[in-house]
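So the chains spell out like this:
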Amino acid sequence: MTREELEHAIRAACDVADDTEVYVFGSQAILGHYPDAPAQLRQSAEVDIAPKNKPDRADRIDGALGELSTFHKTHGFYVHGLTIAAATLPGGWENRARLVQNENTGGSKGICVEAHDLAASKLKAYREKDREFVRTLLDEGLVLPNKVIRSINLLPIDQAERARLIEWVDLTVRDLAS
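Cut-off values and rules
Each chain has its residues counted from 1, following the order in which its sequence is written. Side-chain atom pairs in this predicted model are given and counted only at pLDDT of 80 or more, local residue features only at pLDDT of at least 70, and totals for whole chains, interfaces and linings cover all residues. Only hydrogens and water are removed before side-chain values are computed, so all heavy atoms of the structure are retained for them. Here, a strand pair is defined by DSSP locating no fewer than two bridges between the strands. The secondary structure listing takes helices from DSSP runs of H or I that are at least 4 residues long and strands from runs of E that are at least 2 residues long, numbered from the N terminus. In this analysis an axis means a line fitted to C-alpha atoms, helices contributing only their contacting stretch, and an angle means the value between N-to-C directions, from 0 to 180 degrees. Any pair of residues with heavy atoms lying within 4.5 Å of one another is described as a contacting pair. Here a polar contact means two N or O atoms within 3.5 Å. Within protein one must be a hydrogen donor candidate and the other an acceptor candidate, and residues neighboring in sequence count only if both atoms are side-chain atoms. Type-normalised accessible area, obtained with a 1.4 Å probe on protein chains alone, sets the label of each residue: buried when under 20%, exposed when over 50%, and partly exposed for intermediate values. By convention a nonpolar core is built from buried Ala, Val, Leu, Ile, Met, Phe, Trp, Tyr and Cys residues, the set being connected through side-chain atoms within 4.5 Å. For this document, the term salt bridge refers to a Lys or Arg side-chain nitrogen within 4 Å of an Asp or Glu carboxyl oxygen. Only a pair of cysteine sulfur atoms within 2.5 Å counts as a disulfide in this structure description. Residues are called lining when one of their atoms sits within 4 Å of a cavity or pocket point, these points coming from a 1 Å grid over the protein atoms alone, where a cavity is a set in which a 1.4 Å probe fits but cannot get out and a pocket is an open set with protein on both sides within 12 Å along at least five of seven lines. Grid points are joined across faces, edges and corners, and a volume is the space filled by probe spheres set on the points. Under the scheme applied, nonpolar residues are Ala, Val, Leu, Ile, Met, Phe, Trp, Tyr, Cys and Pro; charged residues are Asp, Glu, Lys and Arg; polar residues are all the others, including Gly.

Before going further, it helps to spend a moment on the sheet that holds strand β2 (residues 46–51). Read from one edge to the other, the open sheet built from 5 strands follows the order β3-β2-β1-β5-β4, with strand pairing classed as mixed. Lying at the two open borders of the sheet, with one neighbouring strand each, are β3 (78–81) and β4 (98–100). The average angle at which neighbouring strand axes cross in this sheet is 35°, direction not considered. Two elements, strand β1 (residues 21–25) and strand β5 (residues 109–112), share 4 bridges in a ladder whose sense is parallel.

The next point concerns the environment of Ser69. Examined against the element boundaries, Ser69 turns out to sit in the loop between α3 (58–65) and α4 (70–75). The spacing of Ser69 and Val79 is 10 residues in sequence and 9.5 Å in space, taken between C-alpha atoms. What Ser69 contacts, discounting residues up to four positions off in sequence, is Gly63 and Ala64. A polar contact of 2.6 Å, which involves the side chain of Ser69, links it to the backbone oxygen of Gly66.

On to the side chain of Glu7, then. Within the secondary structure, Glu7 sits in helix α1 (residues 3–17). Assessed through its relative accessible area of 8%, Glu7 is described here as buried. Setting aside residues no more than four positions away along its own chain, Glu7 makes contact with Val100, Asn102, Asn104 and Thr105.

If you look at the biggest cluster of nonpolar residues, it comprises 54 residues, and the most contacted ones within it are Val24, Ile49 and Val79. Setting aside anything within four residues of it in sequence, one finds Ile49 in contact with Ala9, Ile10, Ala13, Val22, Tyr23, Val24, Phe25, Ile61, Val79, His80, Gly81 and Leu82.

Okay, the pattern of salt bridges next. Inspection of the entire model under this criterion finds 11 salt bridges. Put simply, Asp130 and Lys122 hold a salt bridge, and the shortest N to O gap is 2.8 Å. You'll find Asp130 and Lys122 in the same group, each marked buried. For Arg135, the salt bridge is made with Asp175, and the minimal N-O distance between the two is 2.7 Å. Of the two residues, Arg135 sits in helix α7 (residues 128–139) while Asp175 sits in helix α9 (residues 159–177), which places them 40 residues apart along the sequence. We classify Arg135 as partly exposed; its relative accessible area is 25%.

Another point: the pairing of β5. In the sheet, β4 pairs with β5 via 3 bridges, with the strands oriented antiparallel. In the sheet register, Arg98 faces β5, and the bridge partner there is Cys112.

On to unusual backbone geometry. Here the phi dihedral of Asp18 falls at roughly 55°; this positive angle occurs in a residue that is not glycine. Assignment of secondary structure puts Asp18 in the loop between α1 and β1.

Right, let's get into the state of the cysteines. Here is the idea: a disulfide is a covalent bond, and it sits between the sulfur atoms of two cysteines. Here the structure, examined in full by the defined rule, presents 0 disulfides. Between Cys14, a free cysteine, and Cys112, which holds the nearest cysteine sulfur, the sulfur-to-sulfur gap is 11 Å. Residue class for Cys14 comes out buried when judged on its relative accessible area of 2%. You can call Cys112 buried: its relative accessible area is 0%.

Here we come to the side chain of Ser121. Mapped onto the elements, Ser121 comes out in helix α6 (residues 115–125). Within the local environment of Ser121, its side chain forms a polar contact with the backbone oxygen of Thr88, the two atoms lying 2.9 Å apart.

Over the atoms a probe the size of a water molecule is rolled, and this reveals where empty space is left. Taken as a whole, the largest pocket encloses approximately 590 Å³ of empty space. Lining of the largest pocket is provided by 29 residues; of these, Gly26, Ser27, Lys122, Arg127 and Asp130 occupy positions nearest its centre. Of all the elements in the fold, those that place two or more residues in the lining of the largest pocket are β2, α6 and α7. Considered class by class, the residues forming the lining of the largest pocket number 11 nonpolar, 10 polar and 8 charged.

Here it is, written out as structure tokens:
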């Protein structure tokens, strides 16, 4: 996915949901922080989007713009319509989010999860692809380990899981340095 495709997705999702603002989370939210993110971070053909003001319209987005839709077949990427509750995000993430709003979004606002908060959220999921995504963020210097740990500390998780995620960051940083 490219930044232009993300902007298109924001515009289309807002049109379908009849909303002016959407939350962008999941891996492609990185394009809100880094429009020219490395290719290995932009491999997904899916962008997770939640209507901010009309969350009950997430299914409309998924139906009109989702996987195997005409939109997907036409543009080569798709929009997964969800509610923001589908993500586990650090407390206060909204205050650190990056706004994507320009002519290509038709003036609609895409509120993208900030890179460090995104890394913490991806680690919470703890799937191999998510750990590889965060490893790339760290390796490319797009996130700082101490700020990822700060975001992990703001996740609504128990202490044991928090310790496991922080240990993963520490071990990964050491591995990247060797």
